Amino acid sequence: MRTFTLTNELWLPQPPAEIFPFFADASNLERLTPPSLRFRILTPPPIEMAVGTLIDYRIRLRGIPMRWQSEITEWQPPHRFVDEQRRGPYRQWIHEHTFTSQDGGTLARDIVQYAVLGGSIIQRLFVAPELRRIFDYRNATLENYFSG
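Bear in mind that the values here come from a model prediction, so they are computed numbers and not experimental data. (Residues numbered from 1 in each chain as written. Predicted model: local features only at pLDDT ≥ 70, side-chain atom pairs only at ≥ 80, totals over all residues. Heavy atoms only, no water.)

A. Region of the structure containing the pattern of salt bridges. Applying the stated criterion across every chain yields a total of 10 salt bridges. Ionic pairing is found between Glu-30 and Arg-40, a salt bridge with its closest N-O pair at 4.0 Å. Of this pair, Glu-30 sits in helix 2 (residues 28-32) while Arg-40 sits in strand 2 (residues 40-41), placing them 10 residues apart in sequence. The residue Asp-56 makes a salt bridge to Arg-87 at a minimum N-O spacing of 3.3 Å. Pair noted here: Asp-56 is in strand 3 (residues 54-61) and Arg-87 is in strand 5 (residues 80-87), with a separation of 31 residues, a long-range link. Classification of Asp-56 as buried rests on a relative accessible area of 18%. Taken together, the shared-partner salt bridges connect Glu-71, Glu-84 and Arg-86 into one network. (Salt bridge = Lys/Arg side-chain N within 4 Å of Asp/Glu carboxyl O. Helix = DSSP H or I, 4+ residues; strand = E, 2+ residues; numbered from the N terminus. Buried < 20%, exposed > 50% of the residue type's maximum accessible area, 1.4 Å probe, protein only.)

In C-alpha cells, the structure reads:
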C-alpha cells in the first residue's frame with residue numbers, strides 16, 4: 001500500500017494555550033470543512049476528547065454519502081494530538097496536529113499520512129487537489145476566526 005503525505009502550516013497570532021481549545025472542541029470540525037462536503041458529526045455531544053475517543057461523521061465526497069469514524073490516538077494538550085480513521089473513504093488516514101510557539105503566536109501544522117484506493121493516479125488527479133482545497137478552506141476559516 002503506497003502512502004502519501006500532506007503537510008499544511010498556518011501561523012496564528014495567539015499562543016498554543018489559546019489555539020488548542022478550538023481544536024479540542026469536536027464541533028468545530030464542521031466549521032473547518034467546506035460546506036460542499038456536507039460534513040456532520042453523528043456522535044452525540046458532548047464529546048470528551050482523549051486517547052481512545054471515537055467520533056462518527058457523515059460526509060459527501062464527490063456527491064457520494066459515506067460514513068467516517070476517527071479515533072483519537074494521541075492527546076497532548078496544548079501541543080499535539082493525532083486522529084486516525086477507523087472507518088471511511090481512505091485505506092489509511094493518520095492526521096497529526098501540532099501547535100508550536102513561534103514569533104509570539106502559534107505555528108499550527110497538520111501532517112496527514114494517507115493511502116487511497118487506486119494508488120498514484122487517483123491520488124494525483126482527484127485526491128491531492130481535493131485535500132488541498134479542503135485545507136485551503138480550513139486555513140482561511142482559522143485565519144478569519146483568530147484574527148478578531
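B. Region of the structure containing helix 3 (residues 119-147). Considering bend angle alone, the principal kink of helix 3 is centred on Val-127 and spans about 40°; proline Pro-129 follows within four residues of it. Gln-123, Val-127, Leu-131, Ile-134, Phe-135, Arg-138, Asn-139, Thr-141, Leu-142 and Phe-146 are the residues of helix 3 that are buried. As for helix 3, its buried residues are in contact with strand 1 (4-12), helix 1 (16-24), helix 2, strand 6 (92-102) and strand 7 (105-115). (Bend = angle between axes of the 7 residues up to and from the residue. Contact = heavy atoms within 4.5 Å.)

C. Representation of the packing of helix 1 against helix 3 in the model. It is the contact of helix 1 with helix 3, at a shortest axis distance of 12 Å, that shows an interaxial angle of 125°. Classified by the interaxial angle, the pair formed by helix 1 and helix 3 is oblique. Seen along the crossing, helix 1 lies across helix 3 with a hand that is right-handed. Listed contacts from helix 3 to Glu-18, Ile-19, Phe-22 and Phe-23 of helix 1 are Arg-138, Leu-142, Tyr-145 and Phe-146. (Axes fitted to C-alpha atoms, helices over the stretch in contact; angles between N-to-C directions. Parallel < 35°, antiparallel > 145°, perpendicular 65-115°, else oblique. Left-handed = near helix turned anticlockwise from the far one by under 90°.)

D. A look at helix 1. When helix 1 is considered as a whole, its buried residues turn out to be Pro-16, Ile-19, Phe-20, Phe-22 and Phe-23. The arc that holds every buried residue of helix 1, seen down its axis, measures 155°, which confines them to one face. (Arc of directions from axis to C-beta.)

E. Focus on the sheet that holds strand 6. In space, the 7 strands of this open sheet follow the order 1-7-6-5-4-3-2, with antiparallel pairing throughout. Taken across any chain shown, the strands that pair with only one partner, and hence form the sheet edges, are strand 1 and strand 2. In terms of strand pairing, strand 2 meets strand 3 through 2 bridges, oriented antiparallel. By the bridge assignment, Arg-40 is partnered in strand 3 with Arg-58. Against the sheet, helix 1 touches strand 1, strand 4 (64-76), strand 5, strand 6 and strand 7, its axis set at about 155° to strand 6. (Pairing = 2+ DSSP bridges.)

F. Just the nonpolar core, in detail. Judged by nonpolar contacts, the single largest core of 34 residues is most densely connected at Phe-23, Tyr-90, Tyr-114, Leu-131 and Leu-142. Counting residues per element, this core draws most heavily on helix 3, at 6 residues. In contact with Tyr-114, not counting residues within four places along its chain, are Arg-2, Thr-3, Phe-4, Thr-5, Leu-6, Tyr-90, Gln-92, Trp-93, Gln-123, Val-127, Ala-128 and Leu-131. (Core = buried A, V, L, I, M, F, W, Y, C linked by side-chain atoms within 4.5 Å.)

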